[in-house]
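Chain by chain, the residues run as shown.
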Amino acid sequence: MEDYEAILLVKQEVFVFKIPPRTSNRGYRAADWNLSTPDWTGRMRLLAKGTECILKLEDKVSGELFAKCPVDTYPGIAIEAVSDSSRYFVVRIQDDSGRAAFIGVGFADRSDSFDLNVALQDHFKWVKQSQEIEKEGATEEAAKPRLDLSFKAGETIKINMKIGKKDGDGASKPKTKTLGGLPPPPGAIRLAPPGGVKFNVDGADGGFKQQPEPLQQEIWGDFTSAGPSSTTAAPKPPVSSNWVQF
């Protein structure tokens with residue numbers, strides 16, 4: 001993932017001075033510059049992209065780049081404070097070809113120079129912490145034993161697969177067939193069909209079969225035939241001779 005560019009600090013007014021070469025090891029002094037007549041005035045932006053940090057001097061109105069200073073560490077040679085003031089710095093600017101030069105940069109307000117110090121310190125503190133975390137993570141990763149799950153020569157595995165029965169397999173339970181597809185209500189009384197004929201339900205095909213039954217006494221009462229009956233009937237009382245036998 002490509003790092004995005006973050007703006008760490010913006011100051012709308014900054015002064016740039018030409019500075020004489022350093023003559024001793026004691027450092028730069030702002031008193032040696034012509035502070036009353038700066039050579040350029042514009043704005044300053046401090047940007048960060050990942051671990052990189054760059055200070056840009058731009059025109060206030062158009063935003064055109066005047067000079068840039070890549071900062072690799074702070075405090076360091078890229079941005080160095082002068083020995084006699086807290087509002088001025090010596091900045092090493094570079095162009096795209098790599099040529100470098102040193103200029104003086106100052107602020108009208110002391111709080112602006114303080115903000116620049118804090119922004120640079122915070123950025124490089126974050127860079128240091130990020131590098132330490134990455135180093136610790138790499139060390140822990142290297143110390144972890146690698147788990148080898150590959151099969152060795154001659155190794156096999158056995159898998160027990162339990163496959164359940166599908167719907168419809170096995171013996172099905174017999175279903176009781178009822179008239180009309182509905183079971184009789186609980187406690188119902190079955191009535192015999194008229195005419196002395198009983199119809200039983202055949203359990204095999206659900207149809208009706210007529211079963212013979214002894215003929216009931218006809219509705220004529222005692223007017224019955226004197227002849228022998230085709231079926232065995234219950235004994236009856238003697239019939240008076242005054243009655244016609246049918």
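Residues numbered from 1 in each chain as written. Predicted model: local features only at pLDDT ≥ 70, side-chain atom pairs only at ≥ 80, totals over all residues. Heavy atoms only, no water.

Where an unreviewed UniProt entry is consulted, the protein appears under the name NECAP PHear domain-containing protein, with the organism given as Daphnia magna.

**As for the environment of Ala119**
The topology assignment puts Ala119 in helix H1 (residues 110-143). For Ala119 and Leu9, which are 110 residues apart along the polypeptide, the C-alpha to C-alpha distance reads 6.8 Å. For Ala119, the contacting residues outside a window of four places in its chain are Leu9 and Leu46. (Helix = DSSP H or I, 4+ residues; strand = E, 2+ residues; numbered from the N terminus. Contact = heavy atoms within 4.5 Å.)

**Things to note about a nonpolar patch on the surface**
A cluster of nonpolar residues, Phe151, Ile157, Ile159, Met161 and Ile163, forms a patch on the protein surface that exposes about 670 Å² of accessible area. Along the polypeptide, Phe151 turns up in the loop between H1 and strand S8 (198-201). According to the relative accessible area criterion, Phe151 is exposed, its value standing at 54%. (Patch = residues over 30% accessible without salt bridge, like charges linked within 9 Å, V, L, I, M, F, W, Y side chains within 5 Å. Areas by Shrake-Rupley, 256 points an atom, 1.4 Å probe, with all protein chains shown as cover. Salt bridge = Lys/Arg side-chain N within 4 Å of Asp/Glu carboxyl O. Buried < 20%, exposed > 50% of the residue type's maximum accessible area, 1.4 Å probe, protein only.)

**Notes on the side chain of Ser113**
Inspection of the secondary structure assignment puts Ser113 in helix H1. One polar contact links the side chain of Ser113 to the main-chain carbonyl oxygen of Arg110, over a distance of 2.7 Å. For Ser113, the contacting residues outside a window of four places in its chain are Ser86, Arg87, Phe89 and Phe107. (Polar contact = N/O pair within 3.5 Å; in protein donor to acceptor, adjacent residues only side chain to side chain.)

**Quick look at unusual backbone geometry**
With an omega of -5°, the peptide bond running from Tyr74 to Pro75 counts as cis. Its place among the elements puts Pro75 in the loop between strand S4 (65-71) and strand S5 (79-81).

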